[in-house]
Structure formats: structure tokens, C-alpha cells
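# Structural overview
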Amino acid sequence: MRAETPFAMVQPFVAGPPPLIDAAPILSAQGLAKSVPAAGGPRRLFAGLDLAVAAGEVVAITGESGVGKSTLLNIIAGLDTPDAGDVRIAGQDVARLNEAARAALRCRQLGFVFQAFHVLPHLDLARNVALPLALAGMPQREALARAEAMLIKVGLGGRGGDWPAALSGGELQRIAIARALVHAPPLVLADEPTGNLDPETARRVLDLLLAQARDEGAAVLIVTHSEMVAAAATRAVRLTADGLAAGTTLAA
Amino acid sequence: MGIMPAPTRWLLIGEWRAQPLRIAVAVLAIAVGVALGFAVHLVNSAALASFGRAVASVQGRADLAVRARSPAGFDEALYPRIARLPAVAAVSPVVELQASWGELARPGERGAGAPKVDGGRFTLLGIDMLRAARVTPGLAAAMAPSIGNQPDWDGDPLWLSPALAKAAGVKVGDMFGFTAAGTQVRWKVVGLLPGSEDARLAVIDIAGAQWRFAQLARLQRLDLKLAEGVDADAARRAITAALPADAVLATPEDEASRADALSRAYRVNLGMLALVALLTGGFLVWSAQALSVARRQPQFALLAVLGLPREGLVRQLLIEGLALGLAGALLGVGLGYGLASLVVTQFGGDLGGGYFSGANAQLAFPPLAALVFGALGIVTALAGSLAPALNAARQSPAAAMKGMGERPDPARPPRAWPGLALLAAGGVAALGPPLWGLPILGYAAMALLLAGGVALMPALVRALLAPLARAGSGVPAVDLAVRRLWGVPQAASLALSGIVASTALMVAMAVMVASFRQSVDDWLVAVLPSDLYLHLEAADAGGLAPADQARLSAVPGVTNVRFQRLQTIRIDPDRPAVMLMAQGGQASLPMVARTDAPAPPGSTAVLISEPMAWLYGWRVGAVHGVVIGGVERPLFVAGIWRDYARQWGALMLPIADYRRFTEDANASEAAFDLLPGHDAGAVQKSLAAALPPAVAGQAQFGRPAEMRKVALEIFDRSFAVTYALEAIAILIGLAGVATSFSAQVLARMREFGMLRHIGVTQRQILAMLALEGSGLGLLGALAGCTLGLVMALVLVRVINPQSFHWTMDLALPWPVLGGLVLALLACAAGTAVVAGRRALGQGALLAVRADW
């Protein structure tokens, strides 16, 4: 049933290929638990957390500040280790990989979008976008060509030679999105991607992120405060100390 | 709101409590700079004051003095002529001779650690007690009670200054044996001279002096007291008109300023080095403050949002710098005083420079100088805090709050023209002449060149890395490092400045010292061609008589002897005396300029030393008149030789001409060539046995090899302070580099976190940092070496000649330079990596979020 919302275009089940429901999930986390040190003993962030993200899904994780959303993302990315549980990305058990292999995983299988854009000021826009390709060993010319192509897709075509200092916040976030998708990863992790943007720009950026992800066939896992973002996802879950609970969702 | 609103006070004090070590290091750096400068000043003033007092007590504090041009003195008939002048109220005639007792220490063996010798030099004055009582009462005072009271003296009476009595270990009533003017005597000490603690002085009756020491009808000095109310200039003119050729008029101020001038260049040199230490202290403050500001950027953003205006923030950081400077200055003044006391006991008042041996320096605490040096420390700390303060205020608080912080823009390349302008100004200054006898423009040139090199570095880095940045290497860590350095070289300017300045100073001083040492060594080889040398100390008026000379020449094993007579003569009353060297036989000298033209008829061909040519402006081929033996003689300058031993000039003429001009047939030096197969030690013993007993204690034998060794040891000792200051400068420079790397890494925490998220490994990030550090180190070291070589040229070609009036050949110590540069590179890369390690912990990952 088509919902009459401004975000109709981002609902993957309305148009486009049917979901590959019976394919293995891109991300599969089971039984994750994490505590952090605090005054007066370790504080439990979450326990017994299960999460599965299928290819092409857009999942929003909401929750209070400090509840551990960023930590969860870091665990999924292999940058942090859980106290219990395991994480599998594209079938690989992240915990079994050594540091170099995890870095390679992040380099090829993951894309990141942060709240604070984190664009390197000393690289021009094209090189910033091409960074994951360069890290993966792609020759410079090919990497830059793909970066230019990506820039066109995010609406900044032809500006590959410009410097980040000249861009506004919204444009910088678009660069970040381009960088997150230029190497066609199956999973994009986004940590409050619209947190630093005004509502108008935020909506545009979000539309762009989800559209590009859908075009590239990437799943998106978004951590967010924003109701709007949660509403745009296929599925929204709520992070509590006991794991993920179902949140508001717009069912297709 | 007052000077410090509460929120800023809380946050800033919290910062100090959190980082006590860094604060302590910055305070210490300032303290070291202030201490060194203050210590050098203290030691030098103490030595100078003591030397000045010693000189003054020898002179007796008369209004004016007529002095002989050379130790040979002038005819005593001048005395009644001057006494008759209406402008003169009283005249005291003085015989002044250099004397010595016991065995004299060899020139290289002074200071702590030297073998104890039971001898030394002093000045012997023969005065007329009655006349001296009117003109120089200080000298005559001790004598009065004793005269007429001693019916049976065993010898002639002698009064010693307390310093001399202590050094010689004699008391009133003892007999004291000494040699003066070639005569050895043993007289009874009947009293001590009051008020002459610093000088080694002995006073006897003038008649005894003239009779016993072969000074009949000769005087070296007339002390004058002018009549009341007489015009000083008129009196001077009248007296000068009455003087013969071999006497000049001098005032006590001339003497004092001569003593001052003797060592001024050396002291200024030391002062400059202390300034270098202070500047590197300032650099360390700069880097420490930059680091502190980088860490506190979020706090400052909060303060700005809460309402602290930008000027308030700048003021706050400057107050921090002021506090650092104040603490450092206080500590430095105390440390400096302690250091000065230590140094004076260990090295003597001249810090090894050889100017003030024998003077007994006492340290006083001068409040004004302490204030000046303290203020210097505070100003340096303030200057070091200025750039970080302005930088902090420039950050947009909103951007900092969102975590975007500093946004350097590679589209705006660093400007090259300020650096180029400074370098050009430095080049122009280096061509300037000395001012007031000091190479002030030379020092200014060094400072301008250093500043220019440092200012040019960002633009230079950008230009040098452009090809590499364009081409790319394919290795991500390398590309990221190169692009970072190329894109925002200004961000690294602090570390770069430290590396460039450290390297430049180190290279400049190393090259200068190596060149000087090599030139001195080459010179020593050239001027010491014989096998054995004999030198008589304190023999201005004595020496070896012709009979003694014949006996020495006849000693078996000796094929050839060249005798030399040394006398000091005053050519210009405003300048220190020149050394007249009457040379027998062919002298072996390294010539700088010469002419083969014969001397014009009636004139005598002489050679002059480089300092003399510089100071007096004499050129090869010119004829100048100099009073020798009471008559002005025309001297033809036939050549100029390089001389490192006599800073105020030397004049060499054939000994035959000298003996013709004066009646002095004695010799004070001899150079012996030995027959092959004869042992130098045995010949030396025979020669020593052949010496007359009177001069045995004054005689010093030397072989070229050991003389070279001793001379180079003196050289190294006089540069010990330079080496120490250089080492301190380098250490502080490197510490500053380490701190600034840390500041950089802190500011880029989020960048590293992001890189880790997108798949860069820890090792790659460390490699990137190591490459950045090495890149900075390499570029900085190369630029620093080039700059240092240019500065060395200024030191060798401008500062040294203008200070000391000699030249030297440039020598580049490649192994030393190469080793130092490699060490610097390793340090730079190492500190970058160490600073980076902290960035790779959880801190970086979590810093990716905007909240802190």
C-alpha cells in the first residue's frame, strides 16, 4: 500500500526489484553485549542484541543519547570488540579477522557517513571521494574517474578540483555520501548523517543517501535521533539496555 | 568582568592542574635561557671589574699619566721639564717593570686542574715616596711608617699587595726572591699595600729600582696631579707639546677602556650565544602553548559561545604566557647566579678566553642587570604565546563546536615574499661595516637570515613537493602524507621552524668552529718550523744578553738559532699596545699579502700582522712613521701575515735594524734547529743548564708538537661555552619539534578516526605520520643546512674578522654535518610516530563523534 508521504520515493518496496528475502543477510549480529567502564563499576550498554540486515534494506536505529548507538556501529565495523556475541558481514565473522583483514573489510565492504562530515581539508573533492578506492589499491587515474562519476550523481559534478574549504555543510555531507558509496559496498553505516544540517538540507541529503544506496544495491544502517529519518527507513528499531526493540516503522 | 572572568579562570586553572609537566618544561626552557644570559653577563662584569681594579691599582689613580711607548722607557730628564709646567701641581716619577718569581706556569696550564706551580708574574713599581704621597697617595701610604724605622735591613725594602703576598705565600718579614729586567734579587717584605686586593703588585724605592734593575736615568711613567682650577684640555695640550717622541699622555679612562676593549668582542660573542639559548627557550614556549591551545580548542569554543569576546581570549592566553615568563625569569635569575659562581671558580673570570688570567673575580648581584634579563625572559615567553593566542582567537567557535575546527585551505598557497624579503635584508646587512668596533650588522644579518629562512619554509615545502603530489606514488600512506604536507604546510610551520632553526644554528656554528680550528692548526704548522723553542716570560726589560745568546748557540746539537726580541710599543694612544717583534734570521710566516718592491731609501722594510693592517688601515707598499728607540722611524710595509696570537697587532722587523734603533741587544725568544740524530730532550736540558740563573724561572721550552696541542686545547676550551650553548639550543629545538607534532596530531584526531573507519590500518596511519615527520625533517634539515652554510659564511667572513681582526679559511666538516642531519631526521620521524600512537587509541575512534 502506497503511503502518502513525501518520502514515497525512498521506499524500496514500491518500485525497483523485489527484495532478496531469501538471500543471506548482509549483516548478522547475534547476542551482542557491551559494557563500558564508568565511575562505580562497569555500565552495561546492551546485552542479548540481535540484528540482521538484508541486502538493500534501510534500517534505522533510534534511542536515547548515550545508549550506545555509536558503540554498536563501531562493533559492527570491527573497530571495537563486544563482550559477547558475534558479528558477520557478508558471511565473514568479524571477530576472527586480524587487524589488517578488518581494515580490508572496512575498505571494501563498508561505507561510512558521519555526523561531522570529516572531509580531509588537504585533498580536493575528487581525491576525497576516491579515498576508499585508493586505499584498495586502484590506480589513481581509474579511481579519480570513478570519483568524478560519483560526484555527478550527488549533484556536484565537475567540481572535483575544488577544495573542501569552499563548501557548505550540506555539500560536504554529499561528498561524504559519495565517498561512502564510490566503492559500491554492500553495507553503508551512517551515524547521525543529518545531525549537523538544517531540516531542508537534511531532507535533501537523506533522500540522496537512500537513493544512491538503492541504485548501488547497498543496505543502509542509520543511527539517528531524527523522527524523519526513522520514518524514511524500511525498518526502525530502538536500542535499549536490553537489546533492540521494534520501533515505529512504516510497513510496506 | 575584571581581568579574568570566573569561567575562564576555572577552565584555565584546571588546565594547569591537568598538565603540570608541560608547564614545568616550558618554564624551565625560559629559565635556562635567562640563566645563561645572566651568568655570562655576571661573570664578565665581575672579571672586568676585577681586572679594572687591578689595572687601576697599578696605575695609582693619578689625574693623568705620561707613559713610555715601550718598556725601554724615556729619559728621566723629562721629569723636571714636566714638573716645571704651570698646569702641573705635582709629578711622581715611576719605574714600572714586569717581574716574576719562581717557576712560571706554561700558557696552556692555567685554571682549575693545572699542575700547581710555585711562581707567577707581577708588576714591580719603583716610586719616590715623597712625591708619590702627593700624587698617588694609595701607593705611597704603606711605605711611610716603615721608612726611617728600619736600621738594619738585610736587603732593600719591598712592599707587596695582599694578592701578591697570598699568591707567593710570603708574609711581612719574609725574604722574597724575584727576577725583573733580567736581574735576580732577594729582598725583605716590610709591609703590605692597602687597597690593592686584586692586583699583583710590588713597590720599592725608585732609586733602588733604577740602580738594581739597569734603569739608570730611565723612567717608564710620570704620574701627574693637575693644578687646581686649570682647564683640563689646555693642560693636556701643554703637556703633550713637551713630550719627546717616546712618551705619550694617557688618562685612567683610556686604560680602563683599553681593558674593556681587549675582551669586548669576545664578551659580545658570548652574549649572542646566550641570546640564542633564550630564543630557543621562547620557541619551546611557543610550541608548548600551541599544543595547549590545540587541546583546549573545544573549551575556547564554549567560552566564546558563552560570551567571552575574542580579545578576552587573546588576553587570557597572553596572561598565561606572562605567568610562564615570570616563573621562568625568577628561576632563571637564581639559576644564573648559581651557575656564574660555579663557573668563576672552575674556569676563571674569562670563561677560558684567556683575557683575564690572574685577576681574582668576585661575584656581586646587580639588581638592574637581573631585572633586564628577567624582563627579557618575560618578553620572550609573551612573544612565544602570541601566535597561538591569535590563532585560537581566529577559530570560528561555531565551527569548532560542530567539530570542524581548523579549516586550512590549500587553495591559498603560503606567501613567499616575506621570507624572501627577510633573506634579502640579511644579505644586505652582511655586507655592512663594523659599528663601534663590533659586527652589529653581522649579527643582525644572522638574525634576518634565520627569520627569512624560517618564514620561507611553507612556500618552499609546497614548491618542492608539488611534482610528487601531482604524480602520486600509489601507496596510500605516502600519498596522504605528501598531500598533507603540500596542502597545508602552514600547519606544520611550527615544527618546521624548529627543525630549520636548530639545523641552521648547528651547521653555522659547527662550520665556523671547524674552519677556525683548521686555520689555527695550519697557521701553527706554518709558524713553528723549528725543532725547539725557548720563550722568556715577563722579560720585557730583561732577557738574554748577547753573551747568553752566544752560549746557547754553542750548545752541542744546535745547528741554527734564530733569536727574537719582543717589545710592546704604543703606536696609537687610543689603542692597546702593538707587539714589536725583532726577528733574527728568516721568519716563517703565512703571508696574506706581500710585495717584492724594495723599501724606499731611508725606510726600513717591515711585515705587519693581519689585525694590525685591519686596525690601523696600513696597506702593503705604504710608509708609516713609528717611534722606536726615541726617534720616529719610517717603516715600509712589505707584507701582511696571518696572526692568531696577537689580537691587537704585531710588527716584525729585522733584529739588526732593531738593535740599530735602540741599544737593546737582548733577546726574549729563540728558535733552535737541531742536528738530525740529536734527542730534543737532551738538547733542551743542555740549553736550560746554559741559561743564566736569573732567568731560569722565566724560561719555557716547547716543542712544536706539544705547543700545537696546547694551543688547540686553549682553543677548544675557549669554545667550550659555544659548544655547550649549541647543544642546549639543539635539544630545546628538538623538544619543541616533539611538542608541536603532538599538537598537530591532537588537532587531527578526528581525521585519524575517520581514516580508521574507512579502512586505513593502524600501521598505515603510523606510517603516514612517520613519513610526514621524515618529510618535514628531511626538507627542514636540507633547508637548515643550506641556511646554516650561508650563516657560516657570515660568521667566517664578516663576524669573526670584524670582531677579532683576523681571517680564516672555510672548512666544511662533512662527516659531522652528515651525522647530525641524520640524527635530526631520526628524531623528527621518531617524535611524529610517538605522538601518533596516542591518536590511534579509542580516543580517535570516539572523537569521530562531534561531542567530546
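Residues numbered from 1 in each chain as written. Chains lettered and ligands numbered in written order. Predicted model: local features only at pLDDT ≥ 70, side-chain atom pairs only at ≥ 80, totals over all residues. Heavy atoms only, no water.

### With respect to the overall build of chain B
Helices and strands together make up the secondary structure of chain B, namely 26 helices and 21 strands. In chain B, which comprises 852 residues, the share counted as buried stands at 54%. Pairs at least 24 apart in sequence give 82% of the contacts found in chain B among residues at least 6 apart. Accessible surface, chain B: about 35,000 Å² in total, of which carbon and sulfur atoms supply 63%. (Helix = DSSP H or I, 4+ residues; strand = E, 2+ residues; numbered from the N terminus. Buried < 20%, exposed > 50% of the residue type's maximum accessible area, 1.4 Å probe, protein only. Contact = heavy atoms within 4.5 Å. Areas by Shrake-Rupley, 256 points an atom, 1.4 Å probe, with all protein chains shown as cover.)

### Some points on the interface of chain B and chain A
Contacts between chain B and chain A engage 34 residues on the former and 33 residues on the latter. On inspection of chain B and its partner chain A, the count reaches zero salt bridges. Where chain B meets chain A, there are two residue pairs in polar contact (both at pLDDT 80 or more). Only helix H14 (440-471), helix H15 (476-487), helix H23 (749-757) and helix H26 (842-847) of chain B provide two or more residues apiece to the side of chain B that touches chain A. (Salt bridge = Lys/Arg side-chain N within 4 Å of Asp/Glu carboxyl O. Polar contact = N/O pair within 3.5 Å; in protein donor to acceptor, adjacent residues only side chain to side chain.)

### Re the confidence of the model for chain A
Residue and element names in this part refer to chain A. The predicted model of chain A averages 81 in pLDDT, with 87% of residues at 70 or higher. Taken as a whole, residues 1-16 scores under 50 in pLDDT and shows 17 contacts with residues more than four places along the chain or in a different chain. Of the regions scoring below 50 in pLDDT, residues 248-252 engages in nine contacts with residues more than four places distant in sequence or in other chains. (pLDDT = per-residue confidence, 0-100.)

### What about the pattern of salt bridges?
Where side chains of opposite charge bring their charged atoms close, a pairing between them can arise. All names here are of chain B. Under the defined criterion, the tally for this structure stands at 23 salt bridges over all chains. In this structure, arginine 484 and glutamate 751 form a salt bridge, with 3.8 Å as the shortest nitrogen-oxygen distance. Of this pair, arginine 484 sits in helix H15 while glutamate 751 sits in helix H23; the two residues are 267 residues apart in sequence, bridging distant segments of the chain. The exposure class assigned to glutamate 751 is buried, which follows from its relative accessible area of 10%. In this structure, a network of salt bridges that share partners links the residues Arg67, Glu96, Arg221 and Asp223.

### What about the nonpolar core?
Ranked by size, the top nonpolar core spans 136 residues in total, and within it Leu27, Leu51, Leu189 and Leu221 of chain A together with Leu755 and Met791 of chain B carry the most contacts. Element by element, the count of residues in this core is highest for helix H16 (residues 493-527) of chain B, at 20 residues. (Core = buried A, V, L, I, M, F, W, Y, C linked by side-chain atoms within 4.5 Å.)

### Re unusual backbone geometry
Residue and element names in this part refer to chain A. For alanine 90, which is not glycine, the phi dihedral falls at a positive 50°. If you trace the backbone, alanine 90 turns up in the loop between strand E4 (84-89) and strand E5 (92-93). A relative accessible area of 40% places alanine 90 in the partly exposed class. With a phi angle near 50°, alanine 184 is a residue other than glycine that sits in the positive phi range. Along the chain, the position of alanine 184 falls in the loop between helix H5 (169-181) and strand E7 (187-191). Taking relative accessible area as the criterion, alanine 184 reaches 39% and is therefore assigned partly exposed.

### Details of the sheet that holds E5 of chain A
Residue and element names in this part refer to chain A. In spatial order, the strands read E2-E1-E4-E5; together these four strands make up an open sheet with antiparallel pairing. In the strand order of this sheet, the two ends are held by strand E2 (43-53) and E5, each with one partner. Of the pairings in the sheet, the one linking strand E1 (residues 27-36) to E4 comprises five bridges and is antiparallel in character. Pairing of alanine 33 across the sheet is with alanine 84, part of E4. (Pairing = 2+ DSSP bridges.)

### Let's talk about the packing of aromatic side chains
Residues and elements named next belong to chain B. With the rule as written, the count across this model stands at 18 aromatic pairs over all chains. When the centroid spacing of 6.1 Å and the interplanar angle of 55° are considered together, the rings of tryptophan 101 and phenylalanine 176 count as tilted. Taken together, the positions of tryptophan 101 in strand E3 (residues 88-101) and phenylalanine 176 in strand E6 (residues 175-180) put the pair 75 residues apart, joining distant regions of the chain. An identical accessibility class is assigned to tryptophan 101 and phenylalanine 176; each is buried. Here the aromatic rings of phenylalanine 122 and phenylalanine 178 are separated by 5.6 Å at their centres, their planes lie at 75°, and the arrangement is edge-to-face. With phenylalanine 122 in strand E4 (residues 120-127) and phenylalanine 178 in strand E6, this pair connects stretches of sequence that are 56 residues apart. (Phe/Tyr/Trp six-rings, centres within 6.5 Å; stacked < 30°, edge-to-face > 60°.)

### Re the pairing of strand E16 (residues 604-609) of chain B
Residue and element names in this part refer to chain B. With six bridges connecting them, E16 and strand E18 (residues 631-641) associate as parallel partners. When the bridges of E18 are listed, threonine 604 appears paired with leucine 635. Across two bridges, E16 lies against strand E19 (residues 650-654) in antiparallel orientation. Residue pairing in the sheet places isoleucine 608 in a bridge with leucine 651 of E19.

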